[in-house]
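Residue-level listing of the chains:
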Amino acid sequence: MLPEKLKSETDQPIEPLVATLFGHAEAFPDRLAVRTPAGAVAYSTFVRRIRTTAAKIRRALSNRGERVLLCGPNSPELAVAYFAVHAAGGVAVLLDADIPTAGARWIAEDAEARLALCARELDLPFPVANLAAWCITEEGEQLAAPQCALADPADLIYTSGTTARKKGVLLSHANLAHAALNINAFLGTCGDDLECMPLPLSHSFGLGRLRCMAQVGHTLLLQTGLRNPALVLKQLLAARATGLALVPAGLDLILRMTKDRLGDAREHLRYLEIGSAALRPETKRKVLDLLPHTRICHHYGLTEASRAAFIEYHADRDRMASIGRPSPNVEMAVRDEQGGDLPDGQEGEIVVHGGMVMQQYWKQPELTRDVLRGGWLRTGDRGYRDADGYYYLTGRHGDLVNVGGRKVNPEEVEQVLNGHPAVVESACAGISDPQGITGECLKACLVLRSEVRDEQLIDWLRSRVEEYKIPRIWQRVDQIAKTASGKIQRHLL
Amino acid sequence: MQDNVATAFRKAMRLQESFALADPMSFDDVPGWDSVGHMSLVTELESRFGISLDMDEIVGLDSVGAVRTLVARKTQV
């Protein structure tokens, strides 16, 4: 049978997560903080490396609150760097490991960053330090105590917005600590847990798992992504992991590539957190059958308001179309366009309130005022609540496409395509993924001035945008459907 | 058969004909070899060569050479 949950270690006062982490090194120095297939780092070593790296970062920054870019694949060093930036009083800005240089430069400029720690070479207009070299040493000056307070900014996370310009979501240390508390409370994570984590730390979901680890003090089996989904499961089974975090696309890939082998984890996997996109009904049923004793927890949330709601599918088998109820310590409501609360059953905009709601959109005060009203965040998602307090999504505002849990703004891809010499004009929209893996994918419609093969356009995009943004369906058209004002009619593509 | 492996890669990863595949190449060396590309590759190999791959075999598909070796072994049986 599954191990009993021993003792919740989340019943603690809210403080910056890095301060909690420092406490873990004193309380259980030999417990493993991070495991990888290549080795393991105990909490004592993990925190010593954070202290050493933080001292270096502190010397490199002029003031507290300055932004530090972090770029690399999942590794103990990236996790060290993240908390070291916090300990040094800086603000962490995580970049996709494979972000094109132009994208990194745009973020560096917008964030007015002063320093970057990268696993690969990036041409940026300020010092770029080698991530591994800075974060693996325990020798040298060590920062005695974290130089941050709860109200200080901690993370600046860039997400795709409904305009071509990315939005920087500014989160405080209090936001991060509250979010971790709520998540740990729902999942029931405890210090004895060993959690498989293949999601990129550069994205909200994966980063959230790292923050939860900092608060509760369990062990993360940090994996380098889902490129080889069968390997993720093999490592999970070999380690007899008790926790797992996956986006729906990852879960579908594992199920399809390994048949029913996920069921081999039924005697040790205590929780599975899923999020960032909807799960196909057949996948839900399959996972419930394969893992009858595991808490199958699906979250609803945004970068702006981490994990606002949760549902556990075993407990709510008859409500599997719902996104669940508000997370512990979170309030949700459905409002009309004037901001008035709507009664149960009536559709409107979902709004959320809680300690995890962001501070602001970076340098976009008007946008911030538009979405933050009296501490409540307008999600842009439409839905309703039933009489039992369960929420249901009915639609999403804007043109964003959710590709396997990652948001893509079609305009960004169109701009790059329009720069190709053979392309007169392009239009992109989200369609249902024909392979049934990523939920949605991008379709591109092209008006061409000369012949060009799909592979040539894919090659053009590969050096300019991330892989998941590349359209999977291509169509040549004579003209693009537009409104009278010239706006692309994406629903007609 | 070896050319068919290259064709399977090109189709799964949506590569140009001019892209030269070499045995030592792994995930980082082949554009498009992400999780979706990996799934497409497995599907392509199974349908193209009429083989069925189990979890351990799929785990081992971490380089072009490993794919060639596995396909050669499975199609000899």
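Model, not experiment: these values are computed from the prediction.

A. Representation of the interface of chain B and chain A. The partner chain A presents 23 residues to the 17 residues of chain B that form the contact. Of all the secondary-structure elements, those providing two or more residues to the side of chain B that touches chain A are helix 2 (35-49) and helix 3 (55-59) of chain B. A total of five residues in the side of chain B that touches chain A trace back to one element, the largest contributor, which is helix 2 of chain B. Its residues placed into classes, the side of chain B that touches chain A shows ten nonpolar, four polar and three charged.

B. Spotlight on the sheet that holds strand 14 (residues 305-312) of chain A. Residue and element names in this part refer to chain A. In space, the nine strands of this open sheet follow the order 2-1-10-9-11-12-13-14-15, with mixed pairing throughout. Looking along the sheet, the strands with just one partner apiece sit at the ends: strand 2 (39-42) and strand 15 (325-326). Bridge analysis of strand 9 (residues 194-197) against strand 11 (residues 243-246) gives two bridges, and the strand direction is parallel. Within the sheet, the bridge partner assigned to C196 lies in strand 11 and is L244. Set on the sheet, helix 8 (residues 229-239) makes contact with strand 9, strand 10 (219-222) and strand 11; between it and strand 9 the angle comes to about 170°.

C. Focus on helix 1 (residues 17-27) of chain A. If you check which residues of helix 1 of chain A are buried, you get L17, V18, T20, L21, F22, H24 and A25 of chain A. On its buried face, helix 1 of chain A sits against helix 2 (43-60), helix 3 (76-87), helix 6 (173-187) and helix 7 (204-216) of chain A.

D. Quick peek at the packing of helix 2 of chain A against helix 3 of chain A. Residue and element names in this part refer to chain A. Where helix 2 meets helix 3, the closest approach of the two axes is 8 Å, and the angle between their N-to-C directions is 55°. One finds that helix 2 runs oblique with respect to helix 3. Considering how the two elements wind past one another, helix 2 and helix 3 form a crossing that is right-handed. On the side of helix 2, the interface is formed by F46, R49, I50, T53, A54 and I57, while helix 3 contributes V80, A81, F83, A84, V85 and A87. Tallied by class, the residues present in the contact of helix 2 with helix 3 amount to ten nonpolar, one polar and one charged.

E. Local environment of the nonpolar core. Residues and elements named next belong to chain A. The biggest cluster of nonpolar side chains holds 151 residues, and the ones touching the most others in it are V68, L70, A81, F83, A84 and V93. If we skip the residues at most four places from it in the chain, A84 touches I50, T53, A54, I57 and C135. L446, L457, L461 and V465 belong to the second-largest nonpolar core, a separate cluster that totals 22 residues.

F. Spotlight on unusual backbone geometry. Residues and elements named next belong to chain A. Here the phi dihedral of R240 falls at roughly 50°; this positive angle occurs in a residue that is not glycine. Along the polypeptide, R240 turns up in the loop between helix 8 and strand 11. Looking at R240, the number of C-beta atoms within 10 Å reads 12, which means it is exposed. The phi angle at R307 is positive, at roughly 45°, despite the residue not being glycine. Its place among the elements puts R307 in strand 14.

Basis of the calculations
Residues numbered from 1 in each chain as written. Chains lettered and ligands numbered in written order. Predicted model: local features only at pLDDT ≥ 70, side-chain atom pairs only at ≥ 80, totals over all residues. Contact = placed C-beta atoms within 7 Å. Helix = DSSP H or I, 4+ residues; strand = E, 2+ residues; numbered from the N terminus. Nonpolar A, V, L, I, M, F, W, Y, C, P; charged D, E, K, R; others polar. Pairing = 2+ DSSP bridges. Axes fitted to C-alpha atoms, helices over the stretch in contact; angles between N-to-C directions. Buried ≥ 20, exposed ≤ 12 C-beta atoms within 10 Å, placed from the backbone. Parallel < 35°, antiparallel > 145°, perpendicular 65-115°, else oblique. Left-handed = near helix turned anticlockwise from the far one by under 90°. Core = buried A, V, L, I, M, F, W, Y, C linked by C-beta atoms within 7 Å.

Fair warning: the whole summary comes from geometry, so function is off the table for now.
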